[in-house]
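A look at the structure
Single-letter residue listing:
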Amino acid sequence: MQLVVENLTVAYDNIMALHGISFSVDKGEIVTIIGANGAGKSTTLRAISRMIPSVHGSVIKFNGENILKYSTDKVVSKLGISHVPEGRMIFGNLTVTENLTLACFARKDRDQMVKDKKWVFDLFSRLDERKNQLAGTLSGGEQQMLAVGRAYMSGRKIMILDEPSMGLAPLLMLDMFEALKEINRLGTTILLVEQNARLALKFAQRGYVLENGNIVLEGKASDLLIDPEVKKAYLGA
Ligand code: ATP
């Protein structure tokens, strides 16, 4: 397994957000964690990208290496784990191109960077048309694309995404998931957390269901899609 998380436990002040969850993601896989508001999905991703420093007694390994010894920036630059956070976190007063360039501050492979930037613009033609526009003036959906483009430029071994469907109109949502499929096809592993369980389970190969900080169910995404409990709680059936 490329990413192994064991007994991940996170508390904010005295409130437990994750009660020792364990899961794994294989190289090249698309895995989703679904759950309701407040289940702990974002917390899980923030722990992996080291934005939450204190994870009591937990093990997080990437390609067999303990990632807990790395700082947030090294998790991206040394390990290749790129996080697309909820709320996007792009630089609003920089242009689209500047945002993409800044994402690869730690890279030295200039020629490949130029190719990657072109690839991002080929993948998201809306960004290509808006290269010199300030990112803060992009629509919500375009900002979401830019956030994914930035993650592609910065890391690349695994992309961890927090609700990429949020705020997107249905057609743009499908475009976004098509783009993610393409990124995966080229070799990037994907771990995705989503409230839109139906979309996420159709997209992923495996899934985990997170409830109140515990994983209560896991399995093949196609099995979870027809699981009566999942249907009742998450698929509105
Ligand atoms: P959503 O789908 O609504 O984004 P989520 O599954 O991503 O929810 P988290 O954001 O991980 O959930 O939150 C898990 C729990 O931890 C929630 O009860 C939340 O209120 C709490 N929490 C998250 N961040 C903090 C924080 N910085 N300080 C205190 N409590 C927090």
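Overview of the structure. (Residues numbered from 1 in each chain as written. Predicted model: local features only at pLDDT ≥ 70, side-chain atom pairs only at ≥ 80, totals over all residues. Heavy atoms only, no water.)

A count of helices and strands for the protein gives 10 helices and 10 strands. For 237 residues, the compact-globule formula gives about 18 Å, and the C-alpha radius of gyration of the protein, at 17 Å, lands near that figure. For the protein, the spread of C-alpha atoms along the principal axes amounts to about 45 × 40 × 30 Å. Buried positions account for 51% of the 237 residues belonging to the protein. Partitioning the contacts of the protein with sequence separation of at least 6, the portion at a separation of at least 24 is 66%. For the protein, the computed accessible surface area is about 11100 Å², with 52% contributed by carbon and sulfur atoms. (Helix = DSSP H or I, 4+ residues; strand = E, 2+ residues; numbered from the N terminus. Rg over C-alpha atoms; globule rule 2.2 N^0.38 Å. Buried < 20%, exposed > 50% of the residue type's maximum accessible area, 1.4 Å probe, protein only. Contact = heavy atoms within 4.5 Å. Areas by Shrake-Rupley, 256 points an atom, 1.4 Å probe, with all protein chains shown as cover.)

As a further point, take the sheet that holds strand 5 (residues 65–66). Strand order across the open sheet formed by four strands is 2-1-4-5, with antiparallel pairing between neighbours. Strands with a single pairing partner mark the edges of an open sheet, and in this sheet they are strand 2 (15–25) and strand 5. Examined bridge by bridge, strand 1 (residues 3–12) and strand 2 share eight bridges and lie antiparallel to one another. Counterpart to Val-5 in the pairing with strand 2 is Phe-23. Against the sheet, helix 1 (residues 41–48) contacts strand 1, strand 2 and strand 4 (59–62), and its axis sits at roughly 115° relative to strand 1. (Pairing = 2+ DSSP bridges. Axes fitted to C-alpha atoms, helices over the stretch in contact; angles between N-to-C directions.)

Here we take up helix 4 (residues 110–123). With 14 residues, helix 4 should reach 20 Å at 1.5 Å per residue; the first-to-last C-alpha distance of 20 Å fits that figure. Among all positions of helix 4, only Met-113, Asp-116, Lys-117, Trp-119, Val-120 and Phe-121 are buried. In this fold, the buried residues of helix 4 make contact with helix 3 (96–103), helix 5 (125–128), helix 6 (140–154) and helix 7 (170–185). (Expected span 1.5 Å × (residues − 1).)

On to the site of the ligand, then. The local shell around the ligand holds 14 residues, among which Asn-37, Gly-38, Lys-41, Ser-42 and Thr-43 are the closest. The separation between an oxygen atom of the ligand and a polar main-chain atom of Gly-38 is 2.8 Å. Contacts to the ligand include Lys-41, whose side-chain N or O atom sits 2.8 Å from an oxygen atom. Coverage of the ligand by the protein chains reaches 61% of its 640 Å² of free accessible surface. It is helix 1 that contributes the most residues to the shell around the ligand, four residues altogether. (Near = heavy atom within 4 Å. Polar contact = N/O pair within 3.5 Å; in protein donor to acceptor, adjacent residues only side chain to side chain.)

A word on the packing of aromatic side chains. Enumeration according to the criterion identifies three aromatic pairs in this entry. Ring plane angle 25° and centroid distance 4.4 Å describe the contact between Trp-119 and Tyr-152, whose orientation is recorded as stacked. Here Trp-119, found in helix 4, pairs with Tyr-152, found in helix 6; they are 33 residues apart in sequence, far enough to count as distant. Between Phe-177 and Phe-203, the ring centres sit 4.9 Å apart and the planes meet at 90°, which makes this aromatic pair edge-to-face. Highlighted residues: Phe-177 in helix 7 and Phe-203 in helix 8 (residues 197–203), separated in sequence by 26 residues. Taken individually, Phe-177 and Phe-203 each receive the classification buried, so the pair is uniform in this respect. (Phe/Tyr/Trp six-rings, centres within 6.5 Å; stacked < 30°, edge-to-face > 60°.)

On the basis of which strands lie adjacent, the open sheet formed by six strands has the order 6-7-8-3-9-10 and mixed pairing. Every other strand in the sheet has two partners, leaving strand 6 (81–84) and strand 10 (214–220) as the edge strands with one partner each. In this sheet, neighbouring strand axes are inclined to one another by 15° on average, regardless of whether the strands run parallel or antiparallel. Two elements, strand 3 (residues 30–35) and strand 8 (residues 189–194), share five bridges in a ladder whose sense is parallel.

Let's shift gears to the pattern of salt bridges. Evaluated as defined, the whole model comprises nine salt bridges. The closest approach of N and O atoms between Arg-130 and Glu-129, which form a salt bridge, is 3.2 Å. The exposure class of Glu-129 is exposed, given its relative accessible area of 60%. For Glu-142, the salt bridge identified is with Arg-130, shortest N-O distance 3.2 Å. Of this pair, Glu-142 sits in helix 6 while Arg-130 sits in the loop between helix 5 and helix 6, and the two are 12 residues apart along the sequence. Assessed through its relative accessible area of 22%, Arg-130 is described here as partly exposed. Here the residues in one salt-bridge network are Arg-126, Glu-129, Arg-130 and Glu-142, joined through shared partners. (Salt bridge = Lys/Arg side-chain N within 4 Å of Asp/Glu carboxyl O.)

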